Every structure is written in C-alpha cells, then in structure tokens.
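Residues per chain are reported as follows:
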Amino acid sequence: TSNIGKVSIATNKMSATITGTATENIVINGVAVEEVTSYTVTENLTNIVASDTNPRTVDKNASFTLSYTAQSGYIITSLTSTVGDVTFNVDHSSATITGVATADIVVTGSATYQPKTYDVVVDKDAHIVADPANPETITEGSSYTFKFTSESGWLISRCTSNYGTA
C-alpha cells in the first residue's frame, strides 16, 4: 500500500510497482508471504478407507493419485475432491482421484451398506413340487417363504435347510 500513488503487483506476484507524483512524504508498506510449494490433502470419509500410500501433502503443480476403498459390505455412494477427477470402479467398491495439485485438496465421501444376495439351492426328490413363486435368490435381511407340495399319493417325510429340519 502507499499513501499516494498507484500500486500494482505483477501477476506472478514476484514484483510490485508504485507510480505517482510527489506531493508529500511517501509511506510504502510491503508484506511478503512464503510462496506455496505444496498443498495439504484432507479427507472426510464415512465407511471409506484411504490407501496407506495416499500422500498427506502434494507438491505444487505435481500430479497426484489418491485411492479409496469402501469398507467390507459397502459401496461408495459419494466421493468428491476440490482438485482432480474421480473415477469409480464398476461396482463402486473403490475409486481413484487423479489430478495436478493447484490448491489444498479436500476429499469428502461416504459409502452405504450393500446387503448381500444369497442363492437358493433346492435339492428335492422327483415327487416333491416346488412352488414356482419360490425365490431363486434372497437379499440379506429380507424375509422369505418357500413352499413345496408332494405329488398325489406321496407324503413329505422330511424337509431340511441349513437352518433346521422339520
């Protein structure tokens, strides 16, 4: 700043110029700050694990890669970064952020629990008929009902599953 005259700072902030006409004592104040040479990586993650190889700082204008994996049983539903591009793998169980460091990097993301899908395997003899409405797969935590009937002249003598016998 200057009490008289016009102050201009170069675009690269490496020099300043003051111009004007002297009409009194001139007071000039200049403040320099250390040039940024690296940027900080900050992660705000829920149910997502950052790779141990992710850097905590990235040099100014350097390329970087950050890798993330959803916790077991979860899928990444949201992942953003203030710098760089986010790429998800096909099933959203992991993602990568790549870019060039031009500012502090703040990564924010969350993952949602993805219930497992279980196959239903029916092993029955030829005289038992499975209801066509019986599911072929079931989702973890969901209720299910399986129905079977015996052919005419036959009785169901035993029915077992991995949860019990009737």
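The structure we're discussing is the one just above.
Please read these numbers as outputs of a predicted model, since none were measured by experiment.

Trainee: How would you summarise the sheet that holds strand β8 (residues 85-88) if you had to cite specific residues and measurements?
Mentor: Pairing is antiparallel in the open sheet, where 4 strands are placed in the order β4-β6-β9-β8. A single partner strand is all that each edge strand has here, and the edge strands are β4 (48-50) and β8. Taking the axes of each pair of neighbouring strands and ignoring which way they run, one obtains an average angle of 25 degrees across the sheet.

Trainee: Give a description of the packing of aromatic side chains that names residues and reports values.
Mentor: In the structure shown here, the tally under the stated rule is 2 aromatic pairs. Judged by centre distance (5.4 Å) and plane angle (75 degrees), the ring pair of Tyr74 and Tyr113 falls under edge-to-face. With Tyr74 in strand β7 (residues 74-81) and Tyr113 in strand β10 (residues 105-113), this pair connects stretches of sequence that are 39 residues apart.

Trainee: How would you explain the side chain of Ser81 if you had to name every residue and give the values?
Mentor: Relative to the helices and strands, Ser81 resides in strand β7. Looking at Ser81, its side chain comes within polar contact range of the main-chain oxygen of Val83, at 2.5 Å. Not counting chain neighbours up to four residues away, the residues in contact with Ser81 comprise Val86, Ile97, Ile105, Val106 and Val107.

Trainee: Give a description of a nonpolar patch on the surface that names residues and reports values.
Mentor: Among the surface-exposed residues, Val7, Ile9, Ile18, Ile26 and Ile28 lie close enough to one another that they form a single nonpolar patch of about 450 Å² accessible area. Mapped onto the elements of the fold, Ile18 is located in strand β2 (residues 16-19).

Trainee: Give me the pairing of strand β1 (residues 6-9): which residues, what numbers.
Mentor: Sheet analysis places β1 next to β2, joined by 4 bridges and oriented antiparallel. Bridge assignment links Ser8 to a residue of β2, and that residue is Thr17. Connecting β1 to the antiparallel partner β2 that follows it, the hairpin turn spans 6 residues, and Lys13 within it adopts a positive phi of roughly 60 degrees.

Trainee: Quick one: what's the story with the sheet that holds strand β5 (residues 57-59), residue by residue and with numbers?
Mentor: Taken in spatial order, the 4 strands make up an open sheet running β5-β3-β10-β7, and their pairing is mixed. Of all the strands in the sheet, just β5 and β7 have a single pairing partner and so form its edges. Mean inter-strand twist for the sheet, computed between neighbouring axes without regard to direction, equals 25 degrees. Pairing geometry for β7 and β10, over 7 bridges, is antiparallel. Paired with Ser78 across the strands is Ser110, a residue of β10.

Trainee: How would you explain the environment of Gly99 if you had to name every residue and give the values?
Mentor: Along the chain, the position of Gly99 falls in strand β9 (residues 94-100). Separated by 38 residues in sequence, Gly99 and Thr137 have C-alpha atoms that sit 42 Å apart. Apart from residues no more than four positions distant in its own chain, Gly99 is found in contact with Ala62, Ser63, Phe64 and Gly84.

What counts and how
Note that residues are indexed from 1 along each chain, following the sequence as it is written. For this predicted model, a pLDDT threshold of at least 70 governs which residues receive local features, and a threshold of 80 or more governs which side-chain atom pairs are given and counted, while totals over whole chains, interfaces and linings are taken from all residues. No hydrogens and no water enter the side-chain calculation; it runs on all heavy atoms of the structure. Two strands are said to pair when DSSP picks up at least two bridges between them. Elements are defined by DSSP. Helices are runs of H or I of four residues or more, strands are runs of E of two residues or more, and each kind is numbered from the N terminus. For helices, the fitted line uses only the C-alpha atoms of the stretch in contact; every axis is such a line through C-alpha atoms, and the angle between N-to-C directions lies from 0 to 180 degrees. Stacked, tilted and edge-to-face pairs are distinguished by plane angle, under 30 degrees for stacked and over 60 for edge-to-face with tilted covering the rest, among Phe, Tyr and Trp rings (Trp via its six-membered ring) whose centres lie within 6.5 Å. Under the rule applied, a polar contact is a pair of N or O atoms within 3.5 Å (in protein, one hydrogen donor and one hydrogen acceptor; residues adjacent in sequence only if both atoms are side-chain atoms). Any two residues whose heavy atoms approach within 4.5 Å at even a single point are treated as in contact. A patch consists of residues exposed above 30% relative accessible area that lack any salt bridge, with like charges linked at up to 9 Å and nonpolar side chains (Val, Leu, Ile, Met, Phe, Trp, Tyr) linked at up to 5 Å. Here the open area of atoms and residues is found with the Shrake-Rupley method and a 1.4 Å probe, where only the protein chains shown may cover a residue. By definition here, a salt bridge exists when the distance from a side-chain nitrogen of Lys or Arg to a carboxyl oxygen of Asp or Glu is within 4 Å.

In short, the description is geometric, and any link to function would need to be established separately.
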